[in-house]
Structure formats: structure tokens, C-alpha cells
2 protein chains.
Amino acid sequence: MRKVYLDHYAATPVLPEVMGEMLPFMESDFGNPSSIHSWGDKPREALEAARIRVAGLIGAPPEEIIFTSGGTEANNLAVKGISWAARKKGNHVIISSVEHFSVLHAASTLEKFGFEVTRIEVDKHGTINPDSVADAVRDNTVLISVMTANGEIGTIQPINEIARVSAEKKIPFHTDAVAAAGYIPININEIGVDALSLASDMIYGPKGAGALWVRRGIRIMPLFDGGTQEGGRRSGTENVPGLVGMGKAAELASLNMKERVSRLENLRDLLIERLPAAIPHIRLTGHPDNRLPWNASFAVEFIEGEGMLLLLDNTGVAVSSGSACTSRALKGSHVLTACEIPPEIAQGSLLFSFGIDNSVEDVNYVVEVLPPIIERLRQMSPLYDKFVKEGGK
Amino acid sequence: MRKVYLDHYAATPVLPEVMGEMLPFMESDFGNPSSIHSWGDKPREALEAARIRVAGLIGAPPEEIIFTSGGTEANNLAVKGISWAARKKGNHVIISSVEHFSVLHAASTLEKFGFEVTRIEVDKHGTINPDSVADAVRDNTVLISVMTANGEIGTIQPINEIARVSAEKKIPFHTDAVAAAGYIPININEIGVDALSLASDMIYGPKGAGALWVRRGIRIMPLFDGGTQEGGRRSGTENVPGLVGMGKAAELASLNMKERVSRLENLRDLLIERLPAAIPHIRLTGHPDNRLPWNASFAVEFIEGEGMLLLLDNTGVAVSSGSACTSRALKGSHVLTACEIPPEIAQGSLLFSFGIDNSVEDVNYVVEVLPPIIERLRQMSPLYDKFVKEGGK
């Protein structure tokens, strides 16, 4: 059976070049970067080289990169750390309603600590209006956090405009770039953002590695206290192999971005063109044009997502219905709800996340196997039955 | 030149068997454990198998293990998470004065959030008196955190007795077992502890992996909010290869504990016997008998630690002057200060942390190369000069 992996938003394989750079730091060069003796030298140098590479992906000064265990830690550190550090100045935080759970729920935790959170609504494409951000700003606002792009529906946000609002109002602006970095050009100085989250496992680096860039001068309270690694902003022995891997992955993402993006966009556009032609009552979710190169997200009407995923899996195709973080929870997506997609349609959500190894044949295969699966599921669906009886088409 | 690595408290190499189990989860089985499709199956099963192995090291139910990015995260999660979750019940926390910085500084952060912290003093061997813990308990105490054993000076704490105090007073008891687990038998039910921290890189597993065991019924506020992995107590895509590696390392640590301990104790005792015979004015720090099998810690009088480390490094020997987390800071050790070792002696601290690959020849080599180094440094030391002039010996 053909195997077609189209769930790169959930996980990417580690590239061989990345693995190659990681392995020595588990074996011969296993030392602790903090060690004064020579066993610490290579790990420390490799860690700093990785920092330069990761910083390079977003045009940041390397010394402003805080290495973390992943995107979720980076987002939690940004949202909680910046807010807590500013708690004497104010207790109001602005986020969007379509943030990843690691921002959304971090903000809810802030509420338990006496903060107030404004969750900015989006339009039907999941796009935030920068004016809404400006309108939400109060005297006591200490942080704005809006993602660069949404992984579930692909929509790219107007973060340059939001950054202008934040600069004008002098409020730190964090952006979760986990789904976007490596797939759209990001330069922190061109955007004018103050903090930005990255994850290794979105760009063919290992799991367990991530980074938060924080502009010099922005105060942040650590989540991890301890031995003052990472300038005291993130203590704990550094995951040297993982971060070295992330560094290599970031370098490759920078070097190959154009080629990767062009390839991914072609596959994405092909699927977006062909799937609605092959399946009635399917709609693209997210923004029609302004979307991540790897993201093709749909809502299939009169159907439940889980059945599609399982039957697709039986044909060798891996997709998800949204964020992997919530796959096993299978609750209605807060992102689709925010786009005002009715729950009965949102439950049929289907996310294809392309990777650099996918091909046109993969798209062809999906377009071949998916329609009969949907047809079969619809035969069993009371919703569809009702729709047909009422003369719908 | 002979290479003698005696800094296993700073870092251990990853065992080949551990590496062997990790690699597939970066390459072919790279999927996300949360994925519903079959790419998620092997990673999820491997993660749960790792959880069973890690739990086995401490006799815990696997479902009570929270995987983390390392010991520092585990300690921060325990200290902050348990205290924050109980903040409506009380705001007082008890720790010891010789805790690792990840506990000590996490407690200081709690003070910024309105908590009060009692830091229990230790005796000259670094041992805590359980009665002092009992005396420190107040009506508003919500957590006691005392380490199983101190990595810097090797002293094993009377945690069974402290657990009895905590049980009697009905206060959750966390113990940082990072330096101890795998080297002394630990069974959470025999101890009667409520939460326990572990780190992969102390037991020949990879960096970037750790665990916090928390007894069912103990409430804990997450440090990372997000996709509700790890039962909602630690969100974020799991570092599958790292945690699989930790699982294998924990299994090997359990299986080989007796043999490892006997080997380590022999080397430790040999060095503890021979070094003072070869070097005048050197004293063992920590408890003379009740100490970790791998730990031989000394204070060399009339000398600064950094010089010893650098000259030892030149002869191929890696040691540290205490916790790796503070190696590059080179401040006086809070642990030695707590043992009432005067600063001018504490500055000459030297920590030999043995590993399973060390040999008697390694000890011989240290006993050969260290005395002339110390002699040379003492010639340059104004302290020693003064001591000799005053007729000392």
C-alpha cells in the first residue's frame, strides 16, 4: 500500500544532515557546555553555533535567542514570562482567539494570577484586524501576542500592522511563529516584533528543541529557575544534541526556503484545486490566498472528522483534523469556531500539511482515495440523509 | 595524554544501547504520539513503554509520571506547580539550604508571588535534621522540598524521616532525586514521598529528558499550558527519542544498580583514602559515610578551585568544583557555605564524580598528577604564604 504522510504539522522526520550533526554530541562530545574543562568546549561552541543559525532564520542577534524544549515552552515563556515581569506595570494581555493552545491556555493561566485577557475575534478567514488590536489596548496592557500564521487553517496574520500598533502604544508584541518560520520569510526587524517563538520539529529538526527570541530590553521572568543557563532566562543543562539539530535544521530552512516554498505551494494549490472538484460539499478553511505554503485545510460537510482520518489511515494516508495537540481530544476546533464555521461543519475538518518529500503522486492518491471514503461515511450520516431528503445537493 | 573524565555529575555519555533505541524515533518512526493515524502508534507505544521503565526505577505507577525536559524542569514544576495549585490553602514552603539551584531559586520566585520560604539549615556534613523540618511547619505550609542526596557533597538526606514528618502534618513532600536515582535504591512507597524529580542525563540517557513523579491526588499547576499532553500537566509535543532514551537508561540503571554501585563505591573510597594521604590540608566535604556512591568531594585549603580545574584539564583530567550549573559563575558554593565551611576553604572545592567507565588506573592517575598541581598553586597563593610564615603545617 502506498504510504502518504500529509501531517507535517504534527511531526516532521529529522533530516539525515541534521542527525549527522547531532550524534557526536551524544557520544564522544557529550560534555556539559557549562563545564570549565575541555569536555565542555565542543558542546559550548556547538551550542553557540546553533544559536547563530537559529537566530539567522529570523534575522535576530544570536545573544537574544533563548533555547527551550520546544514551541510550547517558548510560547508559555513568552506569554507568562513577559506578563509576570511586567505585573507591577499592568495586568492586561491581548491575544487572538485563534492562537495555539500554548498561548491561549497560558493566557488563561494568567487570569488565575489576576490578569485580564482580551481575545481578539477574527473574520471568517481567521484573519485579525489590526484595528481591533489597537482598540483593545488599555493603559494597563503589558503584552500583545498574535501568531504569525495559524497552523490549523494556514491563515497568515497581518503582524507587520499589529507590530506598528504595538510600537505606537509601546507594548511588547510577541508572535508565535512556530507554524510559519522556515515557510515564510521572517525578519524581526522588518516586522518590528519584540518576541518570537520557534520549534525545531516544524522544520525537520528533532523534537524537544525550540527557541524564544526576545528583544534586548524586554523583561522576562523565567519559567525555569536554576543554574542560570541561557543568561538566567532558562536554566537547566542545555539539550546540546537537540539544539545542535535545531541549528542545522534552521540553517537548511533558511538556505532552501525558496525551493521548499515553491514545491509546497504547488502541491498545496493542486490539492486545493482538485479536491473540491472531486468532492461535493467541501470547503476550504482559512484564507483563500494569504496562507502558509504547506497548509491545505478543509471542512467536509455532513461528516465527522475522526472517521475520515481512520479510513484515510487504512489507505495509507496520514492527515489530521487540526492541531496534533488536540488530535486525541477531538473537540471542536476553537480556530474553526472563531471563523464562525458552524459546529456541524467544523466537525468534518481535515488538515493536509505538506512536507518537502511529498509529490504530485501523493496529491493524486489523495484525490483518488478520499472521495469514496467520504461517500461511504455520508451514507451513514444522519445529517446527510436529512439534507438529501430535504432536496439538497 | 591519558584522558580521565571524572565529571559525571555535569554530564554522562549516552550508552550505545540507549542510542540504539532512540534513533528509530528520529528517522522512520518520527510521528507525533498524539496522532490518531498509524504514524502515531509506535511513538505512542514507545513513550508509554518508557514511562513504565522510568516509573520502575522508583517503584511508581507509570500513569503518575510526568515527562519533562530535564531535572531543572522537574524541580521547577514540583516546587512552583504544587505551591501555586495550593495557593488558596497557604503560602508557606519549606526547603533545605543545600538544595540544587533549580529548587532554591524556584522557591525564591515563589517569594515574588507572595509566598514565604523557610530554608532549613544543615549540619557540617550537610545533613538535615528532620526535627528542624517538623519545627518549621506552619498552618499555612503547602510544600516541603528536600533533596534525596546532594550532588555537590554527596550527602544522603534522611528523607524517610522527613517523609514521616510530612505525612504526620499532611503536607506534600517533594524530593529532588536527580543526583541519587539509579545510585541508591529508591521506592516511593517505602519512602512515603509525594513527588520526586529525575533527570535522564545523570544515568547515561540523553540530555533534554527528565521526569517528575507526582502521587495521585496531589494537585499541580502546569508550567506549560497547551495541548494537554501528559494528562494536561505538561503540554507540548513529547520529545519521543529523548524520553525513549531515558526509559532505556532507567531500565539499565535499575538492572545494573548493584554492580554499578559496588564499582563506583570502590573507586570513590579509594580516592577518598588516597588523596588525603598524598595532599596535605585537604578535607573531605559532605558526610563521611552516608554519601552517594559516585561522589568524592573535597576542599583543598589555601587554593582557588578554578586553577586546579584548569591545570587538571591540562593533564587530561575533567573534574568540577561543584554543580555544573554554576561552573562558569564560580561563585562560592551555597552548599559548602551551608556546611559552615569558611569561604577561603570552600573556594578550593573539588568534586570528583565517578562514572561506570572509570577504573582504578583513573584514580591512580589523579593521585599522581594532582599533588604537584596543588603544590604549584600553593606556591602562588598569598594565603598559603601567610600560613607557612605563621608556622602552620
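Each value, and the rule that gives it
- Residues numbered from 1 in each chain as written.
- Chains lettered and ligands numbered in written order.
- Predicted model: local features only at pLDDT ≥ 70, side-chain atom pairs only at ≥ 80, totals over all residues.
- Heavy atoms only, no water.
- Helix = DSSP H or I, 4+ residues; strand = E, 2+ residues; numbered from the N terminus.
- Rg over C-alpha atoms; globule rule 2.2 N^0.38 Å.
- Buried < 20%, exposed > 50% of the residue type's maximum accessible area, 1.4 Å probe, protein only.
- Contact = heavy atoms within 4.5 Å.
- Areas by Shrake-Rupley, 256 points an atom, 1.4 Å probe, with all protein chains shown as cover.
- Pairing = 2+ DSSP bridges.
- Axes fitted to C-alpha atoms, helices over the stretch in contact; angles between N-to-C directions.
- Buried area = accessible area lost by both parts, 1.4 Å probe.
- Salt bridge = Lys/Arg side-chain N within 4 Å of Asp/Glu carboxyl O.
- Polar contact = N/O pair within 3.5 Å; in protein donor to acceptor, adjacent residues only side chain to side chain.
- Patch = residues over 30% accessible without salt bridge, like charges linked within 9 Å, V, L, I, M, F, W, Y side chains within 5 Å.
- Lys, Arg positive; Asp, Glu negative; His and termini not counted.
- Charge placed at Lys NZ, Arg CZ, Asp CG, Glu CD.
- Phe/Tyr/Trp six-rings, centres within 6.5 Å; stacked < 30°, edge-to-face > 60°.
- Lys NZ or Arg CZ within 6 Å of the ring centre and 35° of its normal.
- Expected span 1.5 Å × (residues − 1).
- Core = buried A, V, L, I, M, F, W, Y, C linked by side-chain atoms within 4.5 Å.
- Least-squares fit on C-alpha atoms with pLDDT ≥ 70 in both.

## As for the overall build of chain A
From N to C terminus, chain A includes 14 helices and 12 strands. In terms of overall dimensions, chain A is globule-like: its C-alpha atoms have a radius of gyration of 22 Å, near the 21 Å expected for 393 residues. When its C-alpha atoms are laid out on the principal axes, chain A stretches across 75 × 55 × 35 Å. A buried classification covers 67% of the 393 residues belonging to chain A. Residue pairs in contact within chain A that sit at least 24 positions apart in sequence constitute 75% of those at least 6 positions apart. Accessible surface computed for chain A: about 14000 Å², of which carbon and sulfur atoms make up 50%.

## Considering the sheet that holds strand 10 (residues 295-300) of chain A
Residues and elements named next belong to chain A. As summarised here, the arrangement of the three strands in space is 9-10-12, forming an open sheet in which the pairing is antiparallel. Of all strands in the sheet, those with a lone pairing partner are strand 9 (282-284) and strand 12 (349-353), marking the two edges. Averaged over all pairs of adjacent strands, the angle between their axes in this sheet comes to 25°, without regard to strand direction. As paired elements, strand 10 and strand 12 share five bridges and run antiparallel to each other. In the strand pairing of strand 12, Ser297 is matched with Leu351.

## Digging into the interface of chain A and chain B
Contacts between the two partners involve 70 residues from chain A, matched on the other side by 69 residues from chain B. Both sides of the chain A and chain B interface together cover about 5800 Å² of buried area, and 64% of this is carbon and sulfur. Between Asp225 of chain B and Lys80 of chain A there is a salt bridge whose closest N-O contact spans 2.7 Å. Across the contact surface, chain A and chain B share 25 residue pairs in polar contact (both at pLDDT 80 or more). Put simply, the parts of the chain that give the side of chain A that touches chain B at least two residues each are strand 1 (4-5), helix 1 (16-22), helix 3 (71-85), helix 4 (101-112), helix 10 (305-314) and strand 11 (317-318) of chain A. Among the elements that take part in the side of chain A that touches chain B, helix 4 of chain A stands out by supplying six residues, more than any other.

## Digging into a positive patch on the surface
A cluster of basic residues, Lys88, Lys89 and Arg219 of chain A together with Lys112 of chain B, forms a positive patch on the protein surface. Inspection of the secondary structure puts Lys112 of chain B in helix 4 (residues 101-112). The exposure class assigned to Lys112 of chain B is exposed, which follows from its relative accessible area of 53%.

## Focus on the packing of aromatic side chains
Applying the stated criterion across every chain yields a total of 17 aromatic pairs over all chains. Aromatic pair Tyr9 of chain A and Trp294 of chain A: ring centres 5.3 Å apart, planes at 25°, arrangement stacked. Taken together, the residues span a long stretch of sequence, with Tyr9 of chain A in the loop between strand 1 and helix 1 and Trp294 of chain A in the loop between strand 9 and strand 10 at a distance of 285 residues. Accessibility classification places Tyr9 of chain A together with Trp294 of chain A in one group, the buried group. Centre to centre, the rings of Phe298 of chain B and Phe352 of chain B are 5.9 Å apart; their planes meet at 80°, and the pair counts as edge-to-face. Taken together, the positions of Phe298 of chain B in strand 10 (residues 295-300) and Phe352 of chain B in strand 12 (residues 349-353) put the pair 54 residues apart, joining distant regions of the chain. You'll find Phe298 of chain B and Phe352 of chain B in the same group, each marked buried. The structure contains a cluster of three or more aromatic residues connected by ring pairs, namely Trp84 and Phe113 of chain A together with Trp84 and Phe113 of chain B. Lys3 of chain A extends its terminal NZ or CZ atom over the ring of Trp39 of chain B, reaching a point 5.2 Å from the ring centre. It is Arg87 of chain B that lies over the ring of Phe113 of chain A; its NZ or CZ is 5.4 Å from the centre.

## Looking at helix 2 (residues 41-58) of chain B
Residue and element names in this part refer to chain B. For helix 2, which comprises 18 residues, the first-to-last C-alpha distance of 27 Å matches the rise-based estimate of 26 Å (1.5 Å per residue) to within 8%. Those residues of helix 2 that sit buried are Pro43, Ala46, Leu47, Ala50, Arg51, Val54, Ala55, Leu57 and Ile58. Those residues of helix 2 that are buried lie in contact with strand 2 (65-68), helix 7 (188-191), strand 7 (195-199), strand 8 (210-214), helix 8 (240-255) and helix 9 (257-278). Phi turns positive, to about 65°, at Gly59, one or two residues after helix 2.

## Observations concerning the environment of Arg53 of chain B
Residues and elements named next belong to chain B. By the secondary structure assignment, Arg53 is in helix 2. We classify Arg53 as partly exposed; its relative accessible area is 23%. Along the sequence, Arg53 and Met202 sit 149 residues apart, while their C-alpha atoms lie 16 Å from each other. Not counting residues up to four positions away in its chain, the partners in contact with Arg53 are Glu21, Gly247, Lys248, Ala250 and Glu251.

## A look at the side chain of Asp313 of chain A
Inspection of the secondary structure puts Asp313 of chain A in helix 10. Within the buried set, Asp313 of chain A has no salt-bridge partner at all; the shortest N-O distance to an opposite charge, 5.8 Å, is to Lys3 of chain A. A polar contact of 2.7 Å, which involves the side chain of Asp313 of chain A, links it to the side chain of Ser38 of chain B. Each residue touching Asp313 of chain A, except ones within four places of it in the same chain, is listed here: Met1 of chain A together with His37, Ser38 and Trp39 of chain B.

## Considering the pattern of salt bridges
Throughout the structure, instances matching the rule amount to 38 salt bridges over all chains. Across the pair Arg119 of chain A and Glu111 of chain A runs a salt bridge, and its minimum N-O distance is 3.1 Å. With a shortest N-O distance of 2.7 Å, Asp41 of chain B and Arg44 of chain B are connected by a salt bridge. Note that Asp41 of chain B and Arg44 of chain B are positioned in helix 2 at a spacing of three residues, about one turn of the helix. By sharing partners, the salt bridges in this structure join Glu21, Arg53, Lys248 and Glu251 of chain A into a single network.

## Quick look at the nonpolar core
Phe352 of chain A together with Phe352 of chain B are the most contacted members of the largest nonpolar core, which has 216 residues in total. For Phe352 of chain B, the contacting residues outside a window of four places in its chain are Leu6, Leu271, Leu275, Trp294, Asn295, Ala296, Phe298, Val319, Val366 and Leu370 of chain B. Grouped together as the second largest cluster of nonpolar side chains are 58 residues, Ala74 and Phe224 of chain A together with Val79 and Phe115 of chain B included.

## A few points about the relation of the copies chain A and chain B
The transformation that overlays chain A on chain B combines an axial shift of 0.0 Å with a rotation of 180°, and the residual RMSD is 0.0 Å. With respect to symmetry, the two chain copies, as superposed, fit the operation of a two-fold axis. Same-surface contact between copies: 99% of interface residues of chain A are shared with the interface of chain B.

## What to know about the pairing of strand 10 of chain B
Residue and element names in this part refer to chain B. With six of six residues buried, strand 10 lies mostly within the body of the structure. Neither face of strand 10 is exposed, since Asn295, Ser297 and Ala299 on one face and Ala296, Phe298 and Val300 on the opposite face are all buried. As defined by bridge partners, strand 9 (residues 282-284) adjoins strand 10 across three bridges and the pair is classed as antiparallel. Its bridge partner being in strand 10, Arg283 is matched across the sheet by Ala299.

## Notes on unusual backbone geometry
Residues and elements named next belong to chain A. Phi angles above zero are rare outside glycine, and Glu230 is one such case at about 55°. For Glu230, the position within the fold is in the loop between strand 8 (210-214) and helix 8 (240-255). A relative accessible area of 8% means that Glu230 is categorised as buried.

## Considerations on the sheet that holds strand 10 of chain B
All names here are of chain B. Taken together, three strands build an open sheet; the order of strands is 9-10-12 and the sheet is antiparallel. Two strands in the sheet have a free side with no partner beyond their single neighbour: strand 9 and strand 12. With direction set aside, neighbouring strand axes in the sheet form an average angle of 25°. Across the sheet, helix 9 lies against strand 9, strand 10 and strand 12, angled at about 20° from strand 10, the strand it touches most.

## Some words on the pairing of strand 8 of chain B
Residues and elements named next belong to chain B. Counting buried positions along strand 8 yields five of five residues, so the element is predominantly enclosed. Side-chain alternation along strand 8 places Gly210, Leu212 and Val214 on one buried face and Ala211 and Trp213 on a second face that is also buried. By the bridge criterion, four bridges tie strand 2 to strand 8 in an arrangement that is antiparallel. Paired with Thr68 across the two strands is Gly210, which belongs to strand 8. Judged from the five bridges that link them, strand 7 and strand 8 form a sheet pairing that is antiparallel. Bridging across to strand 8, Ala199 finds its partner in Gly210.

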